[in-house]
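Spelled out, the chains give:
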Amino acid sequence: MESPVSASPSDVDIPVLIAPPATLPSRQIQTLAAVRASYLATGELDPSVRPFVAQSWARCRAFDVHPGMLRGQHADAAALRAAQSRGQGLLSAADPILAQVHQVLQGQPHVLALSDEHGLILRVLGDSESLGPTGRAANIFEGASWHERDIGCNGIGSCLEAGEPVVLIGAEHFQEAYVTWTCIGIPLRNRDGAIVGALDFSVPNETVNVHTWGWMLSVSRAIEERLGANAAPRPEVHEQMRRPFHAVRGILEMIARHAAGEGEHAREIDLLGREVAAAEEQFLAGLRVLGEHCTRLEEAGRHKDEFIAALGHELRGPLFALRSCIDLLKRNEGDQETLQWARKVLEHQVTQMRTLVDELLDLARVEHGKMRLNQDDVLLPEAIEQAVQTVRAHAQERHVAIEVSVPRLKLLADRTRLVQILTNLLANAVRYNRDDGRVSVAAAEGPDHIEIRIADTGRGIDREMLPRIFDPFVQGRGERRGGLGIGLALVQRLAHLHGGTVVARSDGEGKGSEFILRLPRSGHSARPAEPTGITGDSTA
Amino acid sequence: VIQASQIPVIVVDDQNYVGTILERWLRHQPDLRFAGWLPTPERLEARLRSEQEGSRIVVVADYDIPGYVVPQVIARLRENHPSVRVVVFSGDVEHESEVLEVGAAACICKDAGADELLRAIRAAAS
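Residues numbered from 1 in each chain as written. Chains lettered and ligands numbered in written order. Predicted model: local features only at pLDDT ≥ 70, side-chain atom pairs only at ≥ 80, totals over all residues. Heavy atoms only, no water.

Glancing now at the overall build of chain B. When its secondary structure is counted, chain B shows five helices and five strands. In chain B, the order of α-helices and β-strands from amino to carboxyl end is β-α-β-α-β-α-β-α-β-α. Each of the 126 residues in chain B was classed as buried or not, and the buried ones make up 56%. Considering only contacts within chain B whose residues lie at least 6 apart along the sequence, 67% involve residues at least 24 apart. Carbon and sulfur atoms make up 47% of the accessible area of chain B, which amounts to about 5,500 Å² in all. (Helix = DSSP H or I, 4+ residues; strand = E, 2+ residues; numbered from the N terminus. Buried < 20%, exposed > 50% of the residue type's maximum accessible area, 1.4 Å probe, protein only. Contact = heavy atoms within 4.5 Å. Areas by Shrake-Rupley, 256 points an atom, 1.4 Å probe, with all protein chains shown as cover.)

Residue and element names in this part refer to chain B. Strand E4 (residues 85–90) sits mainly inside the fold: five of its six residues count as buried. Bridge count between strand E3 (residues 58–61) and E4: four bridges; the pairing is parallel. Pairing of Val-59 across the sheet is with Val-86, part of E4. Read as a crossover between parallel neighbours, the route from E3 over helix H3 (residues 70–80) to E4 is right-handed. (Pairing = 2+ DSSP bridges. Right-handed = clockwise from strand over helix to strand, strands pointing away.)

Judged by nonpolar contacts, the single largest core of 52 residues is most densely connected at A:Leu422, A:Ile452, A:Ile454 and A:Leu517. A total of nine residues in this core trace back to one element, the largest contributor, which is helix H12 (residues 415–431) of chain A. Beyond its immediate stretch of four places on either side in the chain, A:Leu517 contacts A:Ile421, A:Leu422, A:Leu425, A:Ile450, A:Glu451, A:Ile452, A:Ala495, A:Thr501 and A:Val502. Among the nonpolar cores identified, the runner-up in size contains 30 residues, and B:Ile21, B:Val58, B:Val87 and B:Ala120 belong to it. (Core = buried A, V, L, I, M, F, W, Y, C linked by side-chain atoms within 4.5 Å.)

Residue and element names in this part refer to chain A. On the surface, a cluster of nonpolar side chains totalling about 260 Å² of accessible area is made up of Ile-251, Met-254 and Ile-255. Residue position: Ile-255 is located in helix H8 (residues 235–258). Judged by its relative accessible area of 38%, Ile-255 falls in the partly exposed class. (Patch = residues over 30% accessible without salt bridge, like charges linked within 9 Å, V, L, I, M, F, W, Y side chains within 5 Å. Salt bridge = Lys/Arg side-chain N within 4 Å of Asp/Glu carboxyl O.)

This is the structure:
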């Protein structure tokens, strides 16, 4: 497993907890010792992990195995909906990052679970086999609660209990086999340091190495950063809103002092105190939700300002061209060559402005669910050729070669929209390429989809920018992305509308980038994909 | 015909119509010469080397070129080619102080029109 961020063992301080096999009695040190010895002896783990395991032995402990654990039994749809609503800030911070990690791990067994602070699982991503009805992780599902599950292999419960990241090396009998999975559980904290959720990353032991831990820590930090940015608490407002509760508590304490020794009154006052504390907790939770909404509104406002500035810039270009053409036509009245040149420039500018307006309207249509696809069998090479034709002139100006190597595959797609997706991706690959660079287009057939890869030799995508690359109206800092920032947003939404996905990859600055588009194969019914937000990664 | 006394003007702008418009603006200026358009600053240094040594070259550059931080480009250019002058020709002049600080001779808004740009080019080269 390669990772965008790696950490050496010395950078990572995670207690490793070895879970007992579920079928054996827990709370038996002998069992733990046997499991530990087995791990250290069989060599199933990466050798670099072994000293880590040995050192952390002092911190090992036994777990209870919940006797009532039943797969899928405890899903509570109403509780899930309520928790997802409460955890909207956490979900919006984590979803793009989890989707990114999930994409990186495609083809490998893995499970990613996100829970709220109580351990209720809000989001699960993973490979279909592991999550399937007979899969290893069938008991990890949205709505499940960690304490109803086998805690022996539960990173969420363990890290919430420990209040710090944990690695569980689990071993249990499953489907007549002795399977070993590693779960990394990491509590997620807000800017105040309060735990607001937990992340569980489960993979078979053989795919884990020490970098995985560093990687998952960096993933959790990325979520926390987004969480902090999304829900920046306002300490002064927070404190101000708590004042009435402080006052009520003060009054209760005063009454309690007066009523000292009067048993019945003391109990009532104590009860009142608890009610006030509970009300305060609820009030603060509401305040946090309100704060998240405010921050989202502020962010939307910032995006709107950025968008207006970018729109102004985009319109200035064509206006400059129109004004200059008129000026030159006045100065060279009757000059046929100038007339022809001006006509060409004006035609091009009108086309550019029409494209700009069309893309804005398309994005609005998709966002409001008003875009309808007219899907049919489309020959991929023909669609690609059409897109290449559109960007060819610009590529020639930049001496960028476009190499297409695509078999005659058929897609189930709306031809116009498919060409629009491909044109946008190719135009970006040319625009952000180096002069004399290369764009390669390749395609391969999957069981139910076609995968199209568009790679360039350009500047690559900054790691910080990568998770936001498909956000509409977002511009990078420092260097300009160019345009309004709607092209890739539209690409992603159109891909989703087709029941497909698009992923951006880059190894960083100067190392080019690659966009991987997956669309349904001809003969497969398209089902719109979950709008999972951004799916980008930065691994090779 | 290239005259030695003419000031070569190289245009760097990601939009090629800007290059064609400036070419026409410069066409009838006896003291100025359109010396090429580049979509990015990538080949600028090579282009500068191809100009006659000792020429008072003026580079007219856009501020917004996707993938580039133009003030950095200007700073590097001024360091490597101190005799080359840069006039920023941009959609707006909100970055004027930033580009002047790193060594640009002027910052002209695209709205200003041909005469103002030509004046700025001559002033930069003088």
